[in-house]
Amino acid sequence: MSIFHKSLAIASLAIATPSLAQTTPETIANTVLADLKAGDATNVVENILAKAPLISTGPAEKTNLINTLNTLFSSYGRVEGWELVGSRHASSRYVEHSYIVFQEKYAMSLELKFYQGKEGWNLTAFNFNDKLDKPIEAQFMEDLEKSLESLADKN
């Protein structure tokens, strides 16, 4: 086997074996979003909290989160997809992502905050609701930055 094939095999093993694969904010976010699309609020909350070891919630808080998600699902329908609308990096170890999650009748916003500690990336905070102010503001700021960059390039 050539060196290229060996490295490809090792890379494939790392991707296929979660313990060897590097967890990133994107992989955590994709898991959360896929759980939302599956539509099981209890599973969503349990999996989010499993990825957020510093967030301690008791049974009442978990029930409240599950009920909030179930309300969003029953009001706006199943999740059909999502789009990343903003990403902020305070440093290489602290990242925030904002998503619009598209549902059958409306959309919800989802904010995820990540920190890379000694053990790797963790989810440190999350927020989902049907107010789209922050994602729209994030998209506006991104568009504004692009416009300013374009003007600067022309001058």
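As shown above, the structure is provided for reference.
Scope of this entry: the structure provided in the associated data block. Since the structure is predicted, the reported quantities are computational estimates derived from the model, not experimental observations.

1. Thoughts on the packing of helix H2 (residues 25-38) against helix H3 (residues 41-50)
Item 1. As a packed pair, H2 and H3 sit with axes 8 Å apart at the nearest point and diverge in direction by 165 degrees. The pairing of H2 with H3 is recorded here as roughly antiparallel in orientation. Our pair here, H2 against H3, has a crossing hand that is right-handed. The segment H2 lies against H3, with Val-32, Asp-35 and Leu-36 engaging Asn-43, Val-44, Asn-47 and Ile-48.

2. A closer look at the packing of H3 against helix H4 (residues 59-76)
Item 1. Packing of H3 against H4 brings their axes to within 8 Å, and their N-to-C directions diverge by 130 degrees. Considering their axes alone, H3 and H4 lie oblique with respect to each other. Like other packed secondary-structure pairs, H3 and H4 cross with a definite hand, here right-handed. Contacts between H3 and H4 pair Ala-41, Thr-42, Val-44, Val-45, Glu-46 and Leu-49 from the former with Lys-62, Leu-65, Ile-66, Leu-69, Asn-70 and Phe-73 from the latter.
Item 2. Residues belonging to the contact of H3 with H4 are distributed by class as follows: eight nonpolar, two polar and two charged.

3. Considerations on the sheet that holds strand E4 (residues 120-129)
Item 1. Strand order across the open sheet formed by four strands is E1-E2-E3-E4, with antiparallel pairing between neighbours. The open sheet has two free edges, formed respectively by strand E1 (79-91) and E4, since each of these has just one partner strand. Neighbouring strand axes in the sheet, compared pairwise and without regard to direction, differ in orientation by 20 degrees on average.
Item 2. Relative to strand E2 (residues 94-103), E1 runs antiparallel, the two being bridged by 10 bridges. Across the sheet, the residue bridging to Gly-86 is Ser-98, located in E2.
Item 3. On top of the sheet, H2 reaches E1, E2, strand E3 (107-117) and E4; it is set at about 145 degrees to E3, its chief contact.

4. Observations regarding H2
Item 1. Spanning 14 residues, H2 covers 20 Å between terminal C-alpha atoms, matching the ideal 20 Å at 1.5 Å per step.
Item 2. Residues of H2 that are buried: Pro-25, Ile-28, Ala-29, Val-32, Leu-33, Asp-35 and Leu-36. Angularly, the buried residues of H2 cover 155 degrees about the axis, an arc narrow enough to put them on a single face.
Item 3. In this structure, the buried residues of H2 make contact with H3, H4, E1, E2, E3 and E4.
Item 4. Looking one or two residues past H2, Gly-39 carries a phi angle of roughly 85 degrees, positive in sign.

5. Observations regarding the packing of aromatic side chains
Item 1. Under the defined criterion, the tally for this structure stands at two aromatic pairs.
Item 2. Between Phe-126 and Phe-128, the ring centres sit 6.1 Å apart and the planes meet at 15 degrees, which makes this aromatic pair stacked. For the pair shown, Phe-126 and Phe-128 are each scored as buried.

Conventions used here
Every chain is numbered independently, its residues counted from 1 as its sequence is written. Note on the predicted model: pLDDT of at least 70 is required for a residue's local features to be given, and 80 or more for side-chain atom pairs to be given and counted; whole-chain, interface and lining totals, by contrast, use all residues. Where side-chain values are given, they derive from all heavy atoms of the structure, hydrogens and water being excluded. Every axis corresponds to a line fitted to the C-alpha atoms, with the helix fit spanning only the stretch in contact, and the corresponding angles, defined between N-to-C directions, vary from 0 to 180 degrees. To qualify as a helix, a DSSP run of H or I must reach at least 4 residues; to qualify as a strand, a run of E must reach at least 2; elements of each kind are numbered from the N terminus. Just so you know how the angles are binned, under 35 degrees is roughly parallel, over 145 roughly antiparallel, 65 to 115 roughly perpendicular, and the rest oblique. Crossing handedness follows the turn of the near helix against the far one: under a right angle anticlockwise gives a left-handed crossing, and clockwise gives a right-handed one. Contacts: residue pairs with any heavy atoms within 4.5 Å of one another. Each residue is assigned to one class: nonpolar for Ala, Val, Leu, Ile, Met, Phe, Trp, Tyr, Cys and Pro, charged for Asp, Glu, Lys and Arg, and polar for all the others, Gly among them. Criterion used throughout: strands pair if DSSP finds at least two bridges between them. In a helix, the anticipated span is given by 1.5 Å times the number of residues less one. Burial classification: accessible surface area is computed with a 1.4 Å probe over protein chains only, and a residue below 20% of its type maximum counts as buried, one above 50% as exposed, and the rest as partly exposed. Taken from the helix axis, the directions to the C-beta atoms give the arc we talk about. What counts as a ring pair is set by centres within 6.5 Å for rings of Phe, Tyr and Trp (its six-membered ring), and what kind of pair is set by the plane angle: stacked under 30 degrees, edge-to-face over 60, tilted for all other angles.

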